[in-house]
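# Survey of secondary and tertiary structure
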Amino acid sequence: MLPPWNEPAIRILMMPRDTNAHGTIFGGVILSHIDQAGAIEARRQGCGLIVTVSMDKVVFHEPVFVGDLVSFWTETLRIGRTSITTKVRVEAIRGNDPSARFLVTEAQVVYVNVGEDRKPKAITPLPNGFG
Ligand SMILES: CC(C)(COP(=O)(O)OP(=O)(O)OC[C@H]1O[C@@H](n2cnc3c(N)ncnc32)[C@H](O)[C@@H]1OP(=O)(O)O)[C@@H](O)C(=O)NCCC(=O)NCCS
């Protein structure tokens, strides 16, 4: 299993189109990016075609605002025969002060590596990953 990356899998600037009725960022938008970030982590570890089988332990610690620079940090917790468990930590930087960092959300996401027939397929871990 490769150690955590020293850079986020995804970095994104939040836009007004991503807001909910309160004017803060809609949680579903954050979840969608979490799903993608975890999938990038799974690919890095050697998975090919994957499907999300569970999203667990999702905690929204702080709201996210329009203009926040949001980073999705990933790490692999476990590689099974066909499944991989990833942890995604979401951090927001507010305004122009890079020291104003907040852990806004975290989640655990499990993916299953599948073949063309969409059936579970053994994972072959990549020794050096990519990126
Ligand atoms: C994911 C899927 C292929 C698993 O099929 P399955 O026949 O249940 O597979 P298996 O029982 O052989 O389990 C395969 C692996 O998934 C893991 N798994 C299955 N269900 C799980 C669950 N609810 N949570 C965590 N892991 C799970 C198993 O532990 C196993 O891992 P391992 O090989 O590392 O030990 C199937 O359930 C599926 O296609 N689900 C829909 C996925 C999808 O469309 N996602 C997008 C949602 S929009």
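Let us look at the structure shown here. (Residues numbered from 1 in each chain as written. Predicted model: local features only at pLDDT ≥ 70, side-chain atom pairs only at ≥ 80, totals over all residues. Heavy atoms only, no water.)

Scanning the model with the defined rule gives zero aromatic pairs in all. Directly above the aromatic system of Trp5 lies the positively charged group of Arg44, at a separation of 4.8 Å from the ring centroid. Directly above the ring of Phe102 sits Arg94, whose terminal nitrogen or CZ lies 4.5 Å from the centroid. (Phe/Tyr/Trp six-rings, centres within 6.5 Å; stacked < 30°, edge-to-face > 60°. Lys NZ or Arg CZ within 6 Å of the ring centre and 35° of its normal.)

Turning our attention to the site of the ligand. The ligand sits among Val51, Thr52, Val53, Ser54, Gly80, Arg81, Thr82, Ser83, Val110, Val112 and Pro120. Between the ligand and the protein, one listed contact pairs a nitrogen atom with a backbone N or O atom of Thr52 at 2.9 Å. If the ligand stood free it would expose 960 Å²; the protein chains cover 41% of that surface. Those elements that provide at least two residues to the shell around the ligand are strand 2 (50-60) and strand 5 (101-113). Looking at the shell around the ligand, the element that brings in the most residues is strand 2, giving four residues. Each residue belonging to the shell around the ligand can be placed in one class, and the counts come to five nonpolar, five polar and one charged. (Near = heavy atom within 4 Å. Polar contact = N/O pair within 3.5 Å; in protein donor to acceptor, adjacent residues only side chain to side chain. Areas by Shrake-Rupley, 256 points an atom, 1.4 Å probe, with all protein chains shown as cover. Helix = DSSP H or I, 4+ residues; strand = E, 2+ residues; numbered from the N terminus. Nonpolar A, V, L, I, M, F, W, Y, C, P; charged D, E, K, R; others polar.)

A few words on the pattern of salt bridges. Applying the stated rule across the entire model yields five salt bridges. Residues Arg94 and Asp68 are paired through a salt bridge, measuring 2.8 Å at the closest nitrogen-oxygen approach. Of the two residues, Arg94 is situated in the loop between strand 4 (83-93) and strand 5 and Asp68 in the loop between strand 2 and strand 3 (69-79); the sequence distance between them amounts to 26 residues. Assessed through its relative accessible area of 3%, Asp68 is described here as buried. Put simply, Arg101 and Glu91 hold a salt bridge, and the shortest N to O gap is 2.7 Å. Highlighted residues: Arg101 in strand 5 and Glu91 in strand 4, separated in sequence by 10 residues. What makes Glu91 buried here is its relative accessible area of 17%. (Salt bridge = Lys/Arg side-chain N within 4 Å of Asp/Glu carboxyl O. Buried < 20%, exposed > 50% of the residue type's maximum accessible area, 1.4 Å probe, protein only.)

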